[in-house]
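Examination of the molecular architecture
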Amino acid sequence: MKDYLYRTIHAEEAEQAAEIEQICFPPNEACAWDKMLERVQTAPELFLVAVDGKSRKIVGCLNGLATDENAFRDEFFTNADLFQPGGKNIMLLGLGVLPEYRHQGIARELVKRYADRERAKERESLILTCLRSKVAMYEKMGFEDEGISGSSWGGEEWHEMKMRLSNTG
């Protein structure tokens with residue numbers, strides 16, 4: 001298994017995160033380039049990246065936005081001003097691993113480390129939306145399917161998934 005470093009994103013890596021988003025998601029689902037740069041600027045502490053130990057390039061990225069809200073809404077994708085630093089929940093906005101690095105457990109490790117980090121900050125839960133085809137994958141990572149989300153991002157029907165990090169989450 002390759003050597004990967006998992007850490008918070010650095011400001012100068014924002015464009016790499018935006019590029020991963022564009023590669024990993026179809027155009028109707030991907031975060032706009034400028035919105036991704038804005039997210040990194042607003043809340044870099046809510047990005048976790050996987051860095052290839054040899055090439056030193058980012059090969060995977062998980063990012064979110066802290067909030068006290070309990071349900072996912074499309075505005076989280078486009079409005080970094082919804083960020084509440086002390087928010088009890090994290091709305092996960094994107095998990096992407098470059099195609100040539102997939103099937104090595106990087107996505108699972110990003111989620112595990114992200115959950116551990118946010119649990120230590122006493123967050124209550126991680127919430128995300130995913131297509132039906134990804135529900136089983138996220139269930140294996142510890143998320144529960146809460147049913148169809150109110151989100152219609154990209155014109156798709158999404159399942160809202162939740163990972164409880166505390167007894168109250």
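Throughout, residues of each chain are indexed from 1 in the direction in which the sequence is written. Local features in this predicted model are restricted to residues whose pLDDT is 70 or higher, and side-chain atom pairs enter the listing and the counts only when it is 80 or higher, whereas totals over whole chains, interfaces and linings include all residues. Excluded from the side-chain calculations are hydrogens and water; all other atoms, namely the structure's heavy atoms, are used.

Here the focus is the packing of aromatic side chains. Each Phe, Tyr or Trp ring (for Trp, its six-membered ring) is paired with any other whose centre lies within 6.5 Å, and the angle between the two planes then decides the class: stacked below 30 degrees, edge-to-face above 60, tilted in between. All told, the structure shown has 5 aromatic pairs when counted by the stated rule. An angle of 75° between the planes, with centres 6.3 Å apart, marks the rings of Tyr4 and Tyr101 as edge-to-face. Placement of the pair is Tyr4 in strand S1 (residues 4–8) and Tyr101 in the loop between strand S4 (89–97) and helix H4 (106–120), with a sequence separation of 97 residues. Residue Tyr4 shares its accessibility class with Tyr101, and that shared class is buried. If you follow Arg73 out to its NZ or CZ, it ends over the ring of Phe76, 5.3 Å from the centre. Placement of a charge over a ring requires the Lys NZ or Arg CZ to be within 6 Å of the ring centre, with the centre-to-atom vector within 35 degrees of the ring normal. The residue whose ring lies beneath Arg117 is Tyr114, and the NZ or CZ to ring-centre distance is 4.7 Å. The numbering of helices and of strands both runs from the N terminus, where a helix is a DSSP run of H or I of at least 4 residues and a strand a run of E of at least 2. Burial here depends on accessible area, computed with a 1.4 Å probe over protein chains only, as a share of the maximum for the residue type. Under 20% is buried, over 50% is exposed, and the range in between is partly exposed.

Locating Glu118 in the fold gives a position in helix H4. Given a relative accessible area of 0%, Glu118 falls into the buried group. In what follows, a contact means two residues having at least one pair of non-hydrogen atoms within 4.5 Å. When near neighbours in sequence (up to four residues on either side) are disregarded, Glu118 contacts Glu45, Leu46, Ile90, Arg123, Leu126 and Leu165.

This next bit is on the sheet that holds strand S2 (residues 47–52). Two strands pair under a simple rule: DSSP has to find at least two bridges between them. Pairing is mixed across the open sheet formed by 7 strands, whose spatial order is S1-S2-S3-S4-S5-S7-S6. With one partner strand each, in any of the chains shown, S1 and strand S6 (144–148) form the two edges of the open sheet. The average angle at which neighbouring strand axes cross in this sheet is 25°, direction not considered. Of the pairings in the sheet, the one linking S4 to strand S5 (residues 125–130) comprises 3 bridges and is parallel in character. In the sheet register, Met91 faces S5, and the bridge partner there is Ile127. Angles run from 0 to 180 degrees between N-to-C directions of axes, and those axes are lines fitted to C-alpha atoms, restricted for helices to the stretch in contact. In the packing of helix H1 (residues 14–24) onto the sheet, contacts are made with S2, strand S3 (58–67) and S4, and the angle to S3 comes to roughly 100°.

Look at His103: it is not a glycine, yet its phi comes out positive at around 65°. In this structure, His103 sits in the loop between S4 and H4. By relative accessible area, which is 85% here, His103 ends up exposed. Look at Glu122: it is not a glycine, yet its phi comes out positive at around 65°. Within the fold, Glu122 resides in the loop between H4 and S5.

Time to look at empty space enclosed by the protein. Only protein atoms enter the 1 Å grid used here, on which a cavity is any set of points holding a 1.4 Å probe that cannot leave and a pocket is any open set flanked by protein within 12 Å on both sides along at least five of seven lines; residues with an atom within 4 Å of a point are listed as lining. Grid points are joined across faces, edges and corners, and a volume is the space filled by probe spheres set on the points. Summed over all chains, the structure comprises 1 cavity of 30 Å³ or more. Taken together, Ala17, Ile20, Glu21, Phe25, Met36, Cys61, Asn63, Gly94, Leu95 and Gly96 make up the full set of residues lining the largest cavity. Residues of the lining of the largest cavity, tallied by class, amount to 6 nonpolar, 3 polar and 1 charged. For this classification, the nonpolar set comprises Ala, Val, Leu, Ile, Met, Phe, Trp, Tyr, Cys and Pro, the charged set comprises Asp, Glu, Lys and Arg, and every other residue, Gly included, is treated as polar.

Roughly 880 Å³ of volume is contained in the largest pocket. Along its surface, the largest pocket is lined by 34 residues, and Leu95, Ala107, Lys134, Met137 and Tyr138 are the ones closest to its centre. Listed by contribution, the elements that provide at least two residues to the lining of the largest pocket are H1, S4, H4, S5 and helix H5 (135–140). For the lining of the largest pocket, the element with the highest residue contribution is S4, accounting for 6 residues. The residue makeup of the lining of the largest pocket, split by class, is 21 nonpolar, 7 polar and 6 charged.

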